[in-house]
Each structure stands twice: as structure tokens, then as C-alpha cells.
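# Commentary on secondary and tertiary structure
Here's the letter readout for the chains.
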Amino acid sequence: MCVATNIVRHRLFEALLDINPRAMRQTGDSERSGSDSSDANFDPTEDEISSHTPQTLPQNSRAYDKLTVFQAAPLVWKDEDDNLHAVETLDFDREREILTESMKEARRTKGNEVELKFETANTERLGAFLAASETQVLHFTCHGIPNHLAIEDGTGGAQFLSADDLRDFMSAGGGKLLFVFVSACYSRTAGEAFLEAGVPHVVCCKHDEPLMDLAAQEFSRNFYLALACGMNLRRSFELGKKGVNVCPQIPNAKEETGKFLLLPEDGNHDVPIFFTKPQSRSYDGVKPSYSPRIIPQPPEVFVGREVRASFIGRDASFRLCRYCVL
């Protein structure tokens, strides 16, 4: 990440969240700090931000919440003739790093804590997540094709989950989610499926557009930092898009910015996402937890070996099951 990008992002975020230290010294914590932002309509006051953090907390205590992140990294997909094809690997290590950095920054600047939990996106783990109802906020990263999300089948292959099946599966969980971010290409139908399942707020990508991995990462960085600092959903969404727009590493940044959607489009999104109800603390500090099923990002020399690796994984799974039976 270049220095210029970090400077632009830092100044933008200071203006939007009123955490500029020099301005705070000049005006006091209870007044609105100065802002260099040229968009007067997108510059919330400290009182406005605070009003969207509904928990009433004792002095010196911290706001606390949880975010569950599902990631799908199938190695191969199978066509109608049972031929296996390699699946491009997403950079999940970078996504985890970005989300962890955002939550640490929110803790440093606002004292708010959001626990991160990373899970493998397959039907088994999704079912366990819905049954436990531990969090109201779900982030979903995977490959997408029109009307389907590519999750894992448990043996290294892709399971193409249709929007209808996704809706029915999520509806069976009781509809207790407050917000879902579907970070995938062609994910509007998946986003609408979450809405139909009872989720009131969804961020996704346009139905007919692929989405750059880097654009999704930059959006997530600014979006979740704003949410964790207490900003409401609508303004966090706008901040996420602005972060994509000012990133010099993203070709056609303006075009990528326009691919993100906040659904329902006519809904009221001036609401908080984190810190809306008390949560039981399961750790001390911003310490992400990982599912043991998540495979680390492979080295670059691994590219092109997905099909062979899937055979190894399937064989190992078969042998393990066979020995367990015996």
C-alpha cells in the first residue's frame, strides 16, 4: 500500500469520523471538529455518530460486538461431463489482515471492540452458525456466478448454491440476522435472497458485474472501520465506496465503486449495525479466531495445481472415513 494512498485514506476518515487530534484540541471533545472534506452533506457530527451507538455503557467500559466471516475456497468445480476445472483462489489472508487492522483501529480511536470469527463457507458450518445465533452480522466472501454462490462441498470442490436454496436455508435459521455483506461477483440475486429470508440490510454487487478482489478489500477496510467506530450503515457504505474511488491501485476505480449495492434500495439504512444489543465477551482485545478447516493462502508456485490437490484432499478424506469405520 503506497504512502499517498494511506495519507488520502487517513484524511478522509478523519474528516468523516471527526477524530482529527488537532481539531479536537482546538474545539474540545464535545464540539464538532474541523473538517477538510469538500462534501458538507457527508460530514457527520460527533453527536450524530454517538446517537447511532445505542448501548448505554458504564464509564471506562468498551462497546463490544462480533462479526462472523465466512470464506469459501474450493479448489475445483465440475462440469456436466464430470471434468474438473481449477477455481481461482481469492486472497483470504489479505482479507483477514484488512478486517483485523480495521477493528484494531476502531479500538484505538473509539475504544470499541469487535470480535472477528472466520469460518469455512459450507452448508455444515452455515447451519451451525444459524443454529447458534451468536452474531447478528455476517460477512460472506466467495466466488459468484449469476444466480449462484460457489461455496465448498467439504472435499475441495465447489457447491453452487442457488439464490432460492440460499433463501430457504437462511429462512430456516429463524431470520435473526441484522446485516449481511455478500462479497462476491454477480451477487445481487444472493443479496435479494437474504432480504427475502428476513435480513433487513444487505450489501452486495450488481447482478451483471464481476468485482475486483482489490476493490472488495478496499471497500471492506473503510466500511467496517466506520461501522466499528459507530457510524450508521448508510454513511459507512458511502465511506466504503469513497475508499475504493481514491485507491490508485484500482483501475477504473469509479466504475468499480458503482458496482456496490445497499439493499433494499428504498430502505432506511440510517441505523447502527454494531453495538445494538449486549454481547457476551469471549476474549480480551481484538483477537480474530479461525476455523481449523480454513486452508492458508497457497504460494504463487502452487498456481495450476488445484485439480491435483483436490484429488489428494478427496483421497485423504476417504481414507480417514474408512479408518474411522473400521
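Residues numbered from 1 in each chain as written. Predicted model: local features only at pLDDT ≥ 70, side-chain atom pairs only at ≥ 80, totals over all residues. Heavy atoms only, no water.

Turning next to the overall build of the chain. Counting its secondary structure elements, the chain contains 11 helices and 12 strands. Within the chain, buried positions represent 48% of all 326 residues. Put simply, of all contacts in the chain between residues at least 6 apart along the chain, 72% involve residues at least 24 apart. Here the chain displays about 16000 Å² of accessible surface, and carbon together with sulfur accounts for 50% of that area. (Helix = DSSP H or I, 4+ residues; strand = E, 2+ residues; numbered from the N terminus. Buried < 20%, exposed > 50% of the residue type's maximum accessible area, 1.4 Å probe, protein only. Contact = heavy atoms within 4.5 Å. Areas by Shrake-Rupley, 256 points an atom, 1.4 Å probe, with all protein chains shown as cover.)

To continue, consider the side chain of Glu-113. In this fold, Glu-113 is placed in strand β4 (residues 113-120). Taking the relative accessible area as the measure of exposure, Glu-113 reaches 2% and is therefore buried. Of note is the side chain of Glu-113, whose polar atom sits 3.0 Å from the side chain of Arg-107. (Polar contact = N/O pair within 3.5 Å; in protein donor to acceptor, adjacent residues only side chain to side chain.)

In this section: the nonpolar core. The nonpolar side chains of soluble globular proteins are, as a tendency, buried together. With 37 residues, the main nonpolar core has Leu-67, Phe-179, Phe-223, Tyr-224 and Phe-274 as its most contacted residues. Mapped onto this core, the elements with two or more residues apiece are β1 (64-71), α4 (92-110), β4, β9 (179-183), β10 (201-205), α8 (213-228), α9 (233-245) and β11 (260-263). The contacts of Phe-223, once residues within four sequence positions are left out, are Phe-179, Val-203, Leu-233, Ser-236, Phe-237 and Gly-240. Leu-138, Leu-166, Ala-184 and Ala-197 belong to the second-largest nonpolar core, a separate cluster that totals 28 residues. (Core = buried A, V, L, I, M, F, W, Y, C linked by side-chain atoms within 4.5 Å.)

Our focus in this paragraph is the sheet that holds strand β8 (residues 158-162). Strands in a sheet are paired, the pairing made by backbone hydrogen bonds, and the direction either parallel or antiparallel. Read across the open sheet, the 3 strands follow the order β6-β7-β8; overall the sheet is antiparallel. Of all the strands in the sheet, the pair left with one neighbour each is β6 (143-145) and β8. For this sheet, the mean inter-axis angle between neighbouring strands, taken without regard to orientation, is 35°. As paired strands, β6 and strand β7 (residues 148-152) are joined by 3 bridges and run antiparallel to one another. Looking at β7, one finds that Gly-144 is bridged to Leu-149. (Pairing = 2+ DSSP bridges. Axes fitted to C-alpha atoms, helices over the stretch in contact; angles between N-to-C directions.)

What follows deals with the pattern of salt bridges. Going through the model one piece at a time under the given rule, you end up with 17 salt bridges. Across the salt bridge formed by Arg-167 and Asp-168, the nearest N and O atoms sit 3.2 Å from each other. Classification of Arg-167 as partly exposed rests on a relative accessible area of 24%. Through salt bridges that share partners, Lys-117, Glu-119, Arg-125 and Glu-134 make up one connected network. (Salt bridge = Lys/Arg side-chain N within 4 Å of Asp/Glu carboxyl O.)

Applying the stated rule across the entire model yields 11 aromatic pairs. Ring centres of Phe-181 and Phe-223 lie 6.0 Å apart, and the angle between their planes is 70°; on these two criteria the pair is classed as edge-to-face. Residue Phe-181 is found in strand β9, and its partner Phe-223 is found in helix α8; the two are separated by 42 residues along the sequence. Across the pair, Phe-223 and Phe-181 agree in class, each one buried. Look at Phe-181 and Tyr-224: their rings are 6.3 Å apart centre to centre, the planes differ by 40°, and that puts the pair in the tilted class. Of this pair, Phe-181 sits in strand β9 while Tyr-224 sits in helix α8, and the two are 43 residues apart along the sequence. Tyr-224 matches Phe-181 in its accessibility class, with the two residues each being buried. Members of the aromatic cluster, joined through ring pairs, are Phe-179, Phe-181, Phe-219, Phe-223, Tyr-224, Phe-237 and Phe-260. (Phe/Tyr/Trp six-rings, centres within 6.5 Å; stacked < 30°, edge-to-face > 60°.)

Here we come to the confidence of the model for the chain. Of the residues in the chain, 66% have a pLDDT of 70 or more, and the chain-wide mean is 78. No element of the chain has a lower mean pLDDT than helix α2 (residues 21-27), which averages 34, and none a higher one than β11, which averages 98. Under a pLDDT of 50 for its full length, residues 18-61 has, in the predicted model, 67 contacts with residues more than four places off or in other chains. (pLDDT = per-residue confidence, 0-100.)

Looking now at the packing of α8 against α9. Two quantities define a packed helix pair, namely the angle between the axes and the distance from one axis to the other. In contact at an axis separation of 7 Å, α8 and α9 are set at 145° when each is read in the N-to-C sense. The way α8 lies across α9 gives a crossing that is right-handed. Across the interface between the two elements, Ala-215, Glu-218, Phe-219, Asn-222, Phe-223, Ala-226 and Leu-227 of α8 pack against Leu-233, Ser-236, Phe-237, Leu-239, Gly-240, Lys-241, Gly-243 and Val-244 of α9. Each residue belonging to the contact of α8 with α9 can be placed in one class, and the counts come to 9 nonpolar, 4 polar and 2 charged. (Left-handed = near helix turned anticlockwise from the far one by under 90°. Nonpolar A, V, L, I, M, F, W, Y, C, P; charged D, E, K, R; others polar.)

With respect to the secondary-structure elements, Met-212 resides in the loop between β10 and α8. Each C-alpha atom of the pair Met-212 and Ala-184 lies 9.2 Å from the other, and the pair is 28 residues apart in sequence. Beyond its immediate chain neighbours, meaning those up to four positions away, Met-212 contacts Ile-250, Pro-251 and Glu-256.

Packing of helix α6 (residues 163-172) against helix α7 (residues 188-196) brings their axes to within 8 Å, and their N-to-C directions diverge by 30°. The orientation of α6 with respect to α7, classified from their angle, is roughly parallel. Pair α6 / α7 crosses with right-handed handedness. Contacts between α6 and α7 involve Ala-163, Leu-166, Arg-167, Met-170 and Ser-171 on the former and, on the latter, Thr-189, Ala-190, Ala-193, Phe-194 and Glu-196. (Parallel < 35°, antiparallel > 145°, perpendicular 65-115°, else oblique.)

Another aspect to go through is the side chain of Ser-183. Residue placement: Ser-183 occurs in strand β9. Judged by its relative accessible area of 6%, Ser-183 is buried.

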